[in-house]
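# Breakdown of the fold
One letter stands for each residue in the lines below.
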Amino acid sequence: MTAYKDHLGRPIVAVTGMGIITSLGQGLQDNWNALSSGTSGIHNITRFPTDGLSTRIAGTVDFIDIPAPNAVERSYAFARETTIEALAQAGISGDFDAPLFLAAPPIEPEWSARFALADRSPPADHQGDAYERFLAAMRQRPDPAFHEAALFGAISERLADRFGTRGLPVTLSTACASGVTAIQLGIEAIRQGRTARALVVATDGSLSAEALIRFSLLSALSTQNDPPTKASKPFSKDRDGFVIAEGAATLVLESLESAVARGAKILGIMKGAGDKADSFHRTRSSPDGGPAIATIRAALADAGMEESDIGYINAHGTSTPENDKMEYGAMSAVFGERLPTIPVSSNKSMIGHTLTAAGAVEAVFSLQTMLTGTLPPTINYNNPDPSIILDVVPNMKREKQVNAVLSNSFGFGGQNASLVMALEPA
């Protein structure tokens, strides 16, 4: 085994650049300062009217200029800005010349845009079904903004053009696990020797009235609107749902050998990744936590590490009654009696659930946790759930150096993924 190979003889994968946007702000430093100080980015929604809605709060990102107010433009803008930051930190200029893996939300044009198109379509008795009438209206008067809003797959094409990536850009969506899945694809591409580096991006700017209503109909969202900053309370007895949010993160992954050869600063090591499908339900996770347990164990095995090597857990921690309970059960099954002594926190208590972007956003925060020796808190932890016995780093940050982190992402549709990250390759 050389210094650049892991326990299975595969190239060690390093992180050399990171960029991030959440409701806390733009850029790694501003985000980390806010997150580690226990600041919440959750606020009242101003993007659309919320009269009559049971949930009126979110972690929207409204401070990035976009040319048209739709989810594709927002998601692209977030991804572009985080990628600029990550490449600058990695010291890479010019064409990236390596693969791009993008996690993007499966978005559709918003209802207002569809109604506007319907208004200028031929009458119902004039020409076929609604789809044919929409196409007729588009042929008669092309609408580039609407067309762009329908092409969520175009986000990766635009990023590829902007940053000069190589090959066909990959767009993926595995629900709330998407960010980790994108990282996993980057790791595997480097391990398999197909590339020396990879650009991994996860973005979600899809918050609309329709998205809010759909999640509300699933009883997934918190309705504790006042004050907004207190709504997300993972692992608390009075938690009632997650707070929907937006954001993006970019990571530059490189083989350790390539990074050292060009003198890059090593921010951390992607030690292992695990994923398991859960066929229990379209949205709910299996209550027994079986697939989540298998996912965590797969990530540890891939990393060549024992449960005792993990010093901190960045929990999925959505603040829904069922998911927090399931995740606690899964962690208990893996870590046993040691679990109450391992610091666990949920970034979602402050930034909300960034959906498609969450796994990558939380990976960036996990790396920053190790780099700074600061454990961010789980805020709003004032009424502990007596059935969930965890050290959640309650309400205030904690100074403690940890060298290996587990980060969980357990998504809708049985998409489960976990990452193990470390400071040093050894």
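Residues numbered from 1 in each chain as written. Predicted model: local features only at pLDDT ≥ 70, side-chain atom pairs only at ≥ 80, totals over all residues. Heavy atoms only, no water.

The protein chain is annotated in an unreviewed UniProt entry as Beta-ketoacyl-ACP synthase from Rhizobium lusitanum. Turning to the protein chain, the UniProt record has this under Sequence similarities (unreviewed entry): "Belongs to the thiolase-like superfamily. Beta-ketoacyl-ACP synthases family." The protein chain has a UniProt comment under Pathway (unreviewed entry) that states "Lipid metabolism; fatty acid biosynthesis." (UniProt positions renumbered as here; feature names shortened; annotations may be inferred.)

On to the overall build of the protein chain. Each helix and strand counted, the protein chain has 13 helices and 15 strands in total. What you see for the protein chain is a C-alpha radius of gyration of 21 Å, in line with the 22 Å of a compact globule of 426 residues. Dimensions along the principal axes, computed over C-alpha positions, put the protein chain at roughly 70 × 50 × 40 Å. For the protein chain, the residues scored as buried account for 60% of the 426 residues in total. (Helix = DSSP H or I, 4+ residues; strand = E, 2+ residues; numbered from the N terminus. Rg over C-alpha atoms; globule rule 2.2 N^0.38 Å. Buried < 20%, exposed > 50% of the residue type's maximum accessible area, 1.4 Å probe, protein only.)

All right, on to helix α1 (residues 28-36) then. What α1 keeps buried is the set L28, N31, W32, A34, L35 and S36. Contacts made by the buried residues of α1 are with β1 (13-22), β2 (25-26), α2 (71-90), α12 (348-351), α13 (358-372) and β12 (374-375). (Contact = heavy atoms within 4.5 Å.)

Glancing now at the packing of aromatic side chains. Under the definition given, this model contains three aromatic pairs. When the ring of W32 is compared with that of F365, the centres are 6.3 Å apart and the planes differ by 40 degrees; the resulting orientation is tilted. Of this pair, W32 sits in helix α1 while F365 sits in helix α13, and the two are 333 residues apart along the sequence. For the pair shown, W32 and F365 are each scored as buried. Between F215 and F242 the ring centres are 5.5 Å apart and the planes differ by 75 degrees, which places this aromatic pair in the edge-to-face class. Within this pair, whereas F215 is found in helix α8 (residues 209-217), its partner F242 is found in the loop between α8 and β8 (247-255), the two being separated by 27 residues in sequence. Like F215, the residue F242 is buried in the burial classification. (Phe/Tyr/Trp six-rings, centres within 6.5 Å; stacked < 30°, edge-to-face > 60°.)

This paragraph deals with unusual backbone geometry. With omega at -5 degrees, the peptide bond leading from D226 into P227 counts as cis. Here P227 shows up in the loop between α8 and β8. Of note in this structure, D97 is not a glycine but carries a positive phi near 55 degrees. In this structure, D97 sits in the loop between α2 and β5 (100-103). Not every positive phi belongs to a glycine, and N380 is a case in point at roughly 65 degrees. Along the polypeptide, N380 turns up in the loop between β12 and β13 (398-399). The exposure class assigned to N380 is buried, which follows from its relative accessible area of 8%.

To continue, consider the pairing of strand β9 (residues 268-277). Counting buried positions over the ten residues of β9 gives seven, a clear majority of the element. Summarising the sheet, β1 and β9 pair through three bridges and their orientation is antiparallel. Note that in β9 the partner of V13 across the bridge is M270. Where β9 and strand β15 (residues 415-422) come together, eight bridges link them in antiparallel fashion. Bridging across to β15, M270 finds its partner in M421. (Pairing = 2+ DSSP bridges.)

Where helix α3 (residues 111-119) contacts helix α4 (residues 130-140), the axes come no closer than 9 Å and their chain directions differ by 80 degrees. What the angle tells us is that α3 and α4 run roughly perpendicular. Together, R114, L117 and A118 of α3 and F134, A137 and M138 of α4 make up the contact between the two elements. For the contact of α3 with α4, a count of residues per class yields five nonpolar, no polar and one charged. (Axes fitted to C-alpha atoms, helices over the stretch in contact; angles between N-to-C directions. Parallel < 35°, antiparallel > 145°, perpendicular 65-115°, else oblique. Nonpolar A, V, L, I, M, F, W, Y, C, P; charged D, E, K, R; others polar.)

Segmenting the protein chain into domains produces domain 1 (13-107 + 152-422) and domain 2 (111-149). Computed from C-alpha atoms alone, the centre-to-centre distance between domain 1 and domain 2 is 37 Å. Each partner contributes to the interface: domain 1 provides six residues, whereas domain 2 provides five residues. Across the interface of domain 1 and domain 2, roughly 480 Å² is buried in total on both sides, 47% from carbon and sulfur atoms. (Domains from an automatic or database assignment. Buried area = accessible area lost by both parts, 1.4 Å probe.)

All right, on to the pairing of β15 then. Counting buried residues along β15, seven of its eight residues qualify, which places the element largely inside the surrounding structure. In the sheet, strand β14 (residues 404-411) pairs with β15 via eight bridges, with the strands oriented antiparallel. In the sheet register, G411 faces β15, and the bridge partner there is Q415. Hairpin connection between β14 and β15: a loop of three residues separates the two successive antiparallel strands, and G413 in this loop has a positive phi of roughly 70 degrees.

Along the chain, N31 turns up in helix α1. Beyond its immediate sequence surroundings of up to four residues, N31 is in contact with I20, I21, T22, L24, G25, Q26 and F365.

Attention now goes to the pattern of salt bridges. Counted according to the given criterion, the structure contains 19 salt bridges. One salt bridge in this structure joins R74 and E110, with 3.2 Å as the shortest N-O distance. Note that R74 is positioned in helix α2 and E110 in the loop between β5 and α3, a separation of 36 residues in sequence. Between R239 and D385 there is a salt bridge, with its nearest N and O atoms 2.9 Å apart. Taken together, the positions of R239 in the loop between α8 and β8 and D385 in the loop between β12 and β13 put the pair 146 residues apart, joining distant regions of the chain. Note on R239: relative accessible area 9%, which makes it buried. Look at D385 and you get buried, because its relative accessible area is 11%. Several salt bridges share partner residues, and in doing so they unite D6, R10, E188, R191 and D302 into one network. (Salt bridge = Lys/Arg side-chain N within 4 Å of Asp/Glu carboxyl O.)

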